[in-house]
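# Observations on chain architecture
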Amino acid sequence: MSQKILLSGNEAIALGAFEAGLRVASAYPGTPSTEILENISTYEGIYAEWSPNEKVAYEVALGASFAGARALVSMKHVGLNIAADPLFTSAYTGVRGGLVVITADDPEMHSSQNEQDNRNYAFAAKVPMFEPSDPSEAKEFVKLAFQLSEEFDTPVLVRTTTRVSHVKGLVNKGEIVTSKIKPGIEKIPEKFVMLPANARLRRKELDKRFVRLREFADSFEHNKTEYNDKKIGFITSGISYLYVKEAFPDASVLKLGMVYPFPEKIIKEFAKNVEEIFVVEELDPFIENYVKALGIRCKGKELIPAAGELNPSIVRASITGEKSTALFEPVKIPNRPPNLCPGCPHRGIFHVLSKLNVFIAGDIGCYTLAALKPLSAMDSCICMGASIGNALGMEKALGKDALGKIVAVLGDSTFIHSGITGLIDVVYNKGFTTVLILDNRTTAMTGHQPNPASGQTVKGDISTMLDIEALCRAIGVKNVYTVNPNDIEETYKIVKQEIERPEPSVIITKAPCVLLPEMKKRKDKSLYIIIPEKCTGCRSCLKIGCPAIEWVPITEEDAKKLGFKEKQKGYSIINAALCDGCGQCVTLCKFKAIALSGDKSGKR
Ligand code: SF4
Ligand code: SF4
């Protein structure tokens, strides 16, 4: 009897890849895909790496495939935009060892800057795509994807969404099935060198392959019909299948496990057997458009929302028009606005920048939260690595008037991901942009994955540590500074000086993320307190937005009793359980009411 284990979709993908004889895995962290590589890295005999960005990750996996090894590359949906270049051409070259590409989409944008529907990439790149509905299917589909990849000589996309990635479900442990392809070097330039003459021939191969894939889709056992009440029939895929089953348990359903190419015969057959068809899918009308193109009447996005996540209640209410159809009561949890952690080394920088009143071209990372109150210190944020290019573009548009008024801010991992090229552009095209690299020694936002500047690999092996300061100098930046961002006065001085400089500058603010294990364990942590008798209630310390600083409102009577001035409306306290001892708040209080706790225990 096979062993059943409880796994998340991401853990199941890792297990499926292991059982498929995976040899090489690469990724760039991004929610909701991050745990795939983290789990793969725990299996013996698989090379796993965090790559500097998704394009490199794709290229590493493709190279491994060219060498005849089974390879997997995973990323969040927006990551596939970065990797689109090698993806499209690899559809032409095809593979040797099976190549599986996981794209983890994020409907509802739980942790993303947009909610693109990456099924469109399968269509545009002309590669097959599987879409599992739960962790068990996620594992099986990954195994099947490796087989399909080798059988059809193509990369295979597997699309998950946040729910499938993170929900836990029972998964069968299975046999390890290895590839028949023998790893080794084979020179096949007509297949791997995409010079126009070769690419034109491979384009024809792509079309032939596509015809075979369409036939396969019609015989694929996971494109399955479930006939019940034939008055109403649903065509669906992925997590939407489970929502349909819960909202309409008695209806007939055609569930697509392979969403591209479309299984025309099955769709036509299903349409003949049911009276009315509804297409239920998250985000774009991807299946719906195809069903309509087959001349089949169906309803879809005119009823089902095209934005955000679905759930059984939304599906039921959209189709029946019923108002109150909550099929389950969501658990009520208190609102907790997102905030930088207490002691976060980024907080002080944004306080400095808001004092300087500059346009802050921001980027993707924890520090994007600085856009929120009370810091309100980010003015643009587009995609990984865009801050420097955005700042340079503004500067070029405004000329000398921009001097001292614009900065670019991005993290260490983001700089390595794709900020480097922007900085090269600043130097090459004679900009004067000031770039702040917030180096907290990790990729914090996605859960503290190491990066080339952290000096260790995903397996925890010690590696060469990228010297960001030396790199910036090598790019051609003459003015490079490294500052401690917890020292607000010094940081302010350097930033003020550099933004006025009519030349490119880089300021690296270097202090480890307070949630790194070594930071959490440190014994010499200082704690700060507010001396009540010195606090005037001016609220200046609240401007930094540290969650450890709390405001206690008081009445006139309280003020008298506590020995404050009659008019004082309240006073600040520091929550000892939250304070991380960064000391950033100290310089904010001109009444010297914030001081180191005497016994360092935080007790007063
Ligand atoms: S601690 Fe200092 S800055 Fe904060 S409210 Fe009191 S006096 Fe003002
Ligand atoms: S020292 Fe001040 S700013 Fe730093 S964590 Fe403690 S209360 Fe917050």
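Residues numbered from 1 in each chain as written. Chains lettered and ligands numbered in written order. Predicted model: local features only at pLDDT ≥ 70, side-chain atom pairs only at ≥ 80, totals over all residues. Heavy atoms only, no water.

### Considerations on the overall build of the protein
Scanning the protein from N- to C-terminus turns up 20 helices and 22 strands. Computed over its C-alpha atoms, the radius of gyration of the protein comes to 28 Å, within 12% of the 25 Å expected for a compact globule of 604 residues. Expressed along its principal axes, the backbone C-alpha trace of the protein runs to roughly 80 × 60 × 55 Å. Sequence-distant contacts, at least 24 apart, represent 74% of the contacts inside the protein between residues at least 6 apart. For the protein, the accessible surface area stands at approximately 27,200 Å², while carbon and sulfur atoms represent 55% of it. Separation between the mean location of the 75 positive side-chain charges and that of the 71 negative ones in the protein comes to 3 Å. (Helix = DSSP H or I, 4+ residues; strand = E, 2+ residues; numbered from the N terminus. Rg over C-alpha atoms; globule rule 2.2 N^0.38 Å. Contact = heavy atoms within 4.5 Å. Areas by Shrake-Rupley, 256 points an atom, 1.4 Å probe, with all protein chains shown as cover. Lys, Arg positive; Asp, Glu negative; His and termini not counted. Charge placed at Lys NZ, Arg CZ, Asp CG, Glu CD.)

### Some details on the pairing of strand β5 (residues 99-105)
Counting buried positions over the 7 residues of β5 gives 7, a clear majority of the element. Judged by which residues are buried, β5 turns out to be covered on both faces: Leu99, Val101, Thr103 and Asp105 on one side and Val100, Ile102 and Ala104 on the other are all buried. As defined by bridge partners, strand β4 (residues 71-76) adjoins β5 across 6 bridges and the pair is classed as parallel. Note on β5: the bridge partner recorded for Val73 is Val101. As for the winding sense of the linkage, the β-α-β connection from β4 through helix α4 (residues 79-93) to β5 is right-handed. Where β5 and strand β7 (residues 156-161) come together, 6 bridges link them in parallel fashion. Among the inter-strand pairings, Val100 is bridged to a residue of β7, identified as Val156. (Buried < 20%, exposed > 50% of the residue type's maximum accessible area, 1.4 Å probe, protein only. Pairing = 2+ DSSP bridges. Right-handed = clockwise from strand over helix to strand, strands pointing away.)

### Some points on the site of ligand 1
Contacts to ligand 1 come from Ile530, Cys535, Thr536, Gly537, Cys538, Arg539, Ser540, Cys541, Ser572, Cys589, Phe591 and Ala593. Per-class residue counts for the shell around ligand 1 are 7 nonpolar, 4 polar and 1 charged. (Near = heavy atom within 4 Å. Nonpolar A, V, L, I, M, F, W, Y, C, P; charged D, E, K, R; others polar.)

### A short note on the site of ligand 2
With respect to spatial proximity, 13 residues lie near ligand 2, and among them Cys546, Cys579, Cys582, Gly583 and Cys585 are the closest. Its residues assigned to classes, the shell around ligand 2 shows 9 nonpolar, 3 polar and 1 charged.

### Here's the deal with the environment of Leu438
Within the secondary structure, Leu438 sits in strand β16 (residues 434-439). Taking the C-alpha atoms as reference points, Leu438 and Leu303, 135 residues apart in sequence, are found 45 Å from one another. If sequence neighbours within four positions are ignored, Leu438 has contacts with His346, Ile349, Phe350, Tyr367, Val409, Leu410, Gly411, Asp412 and Thr509.

### A look at the packing of helix α14 (residues 346-356) against helix α18 (residues 488-499)
It is at 10 Å that the axes of α14 and α18 come closest, and there the two elements cross at 50°. Classified by the angle between their axes, α14 and α18 sit oblique to one another. Here the hand of the crossing between α14 and α18 comes out right-handed. Where α14 approaches α18, its residues Gly348, Ile349, His351, Val352, Leu353, Lys355 and Leu356 are matched on the opposing element by Ile488, Thr491, Tyr492, Val495, Lys496 and Ile499. For the contact of α14 with α18, a count of residues per class yields 8 nonpolar, 3 polar and 2 charged. (Axes fitted to C-alpha atoms, helices over the stretch in contact; angles between N-to-C directions. Parallel < 35°, antiparallel > 145°, perpendicular 65-115°, else oblique. Left-handed = near helix turned anticlockwise from the far one by under 90°.)

### Remarks on the sheet that holds strand β14 (residues 359-361)
Spatial ordering of the open sheet is given by β14-β15-β16-β18-β17, a layout of 5 strands whose pairing is parallel. Each having just a single partner strand, β14 and β17 (479-483) make up the two edges of the open sheet. Here the strands of the sheet are splayed against their neighbours by 20° on average, with no regard to which way each runs. Alignment of β14 against strand β15 (residues 406-411), held across 3 bridges, turns out to be parallel. Among the inter-strand pairings, Ile360 is bridged to a residue of β15, identified as Val407. Along the sheet, helix α15 (residues 386-398) makes contact with β14, β15 and β16, crossing β15 at roughly 170°. Against the sheet, helix α16 (residues 412-428) contacts β15, β16 and β18 (505-510), and its axis sits at roughly 135° relative to β15.

### Remarks on the sheet that holds β4
Across a sheet, strands are paired by hydrogen bonds formed along the backbone, either parallel or antiparallel in direction. If you trace the 7 strands from one edge of the open sheet to the other, you get β3-β2-β4-β5-β7-β6-β12, paired in mixed fashion. With partners counted over all chains shown, the strands left at the sheet margins are β3 (47-50) and β12 (258-260), one partner each. Where strand β6 (residues 129-130) lies against β12, 2 bridges are found, and the strand directions are antiparallel. If you follow Met129 over to β12, its bridge partner there is Tyr260. Packing of helix α6 (residues 135-152) onto the sheet brings it into contact with β4, β5, β6, β7 and β12, and relative to β5 it is tilted by some 140°.

### Overview of the nonpolar core
By size, the foremost hydrophobic cluster in this structure holds 68 residues, and its most contacted members are Phe350 and Leu353. Ranked by size, the runner-up nonpolar core spans 44 residues in total, among them Ala91, Leu99, Tyr121 and Val274. (Core = buried A, V, L, I, M, F, W, Y, C linked by side-chain atoms within 4.5 Å.)

### So, the layout of surface pockets
If you add up the space inside the second largest pocket, you get close to 290 Å³. Lining the second largest pocket are 17 residues, with Thr442, His448, Pro450, Gln456 and Leu516 sitting closest to its centre. Taken together, the residues that form the lining of the second largest pocket break down as 7 nonpolar, 7 polar and 3 charged. (1 Å grid on protein atoms, 1.4 Å probe; cavity = no way out; pocket = protein on both sides within 12 Å on 5 of 7 lines; lining within 4 Å. Points joined across faces, edges and corners; volume = space filled by probe spheres on them.)

### A word on unusual backbone geometry
Peptide bonds are mostly trans, and most non-glycine residues show a negative phi. The omega torsion of the bond from Tyr260 to Pro261 falls at -5°, within 30 degrees of zero and hence cis. Mapped onto the elements of the fold, Pro261 is located in the loop between β12 and α11 (264-273). The step from Lys373 to Pro374 runs through a cis peptide bond, and the omega angle for that step is 0°. Mapped onto the fold, Pro374 is located in the loop between β14 and α15. A positive phi angle is found at Met109, which is not glycine, with a value near 50°. When you line up the elements, Met109 lands in the loop between β5 and α5 (119-125). In this structure Met109 comes out as partly exposed when scored by relative accessible area, which is 36%. Here the phi dihedral of Arg441 falls at roughly 70°; this positive angle occurs in a residue that is not glycine. Tracing the chain through its elements places Arg441 in the loop between β16 and α17 (468-475).

That is the geometry; function is a separate question.
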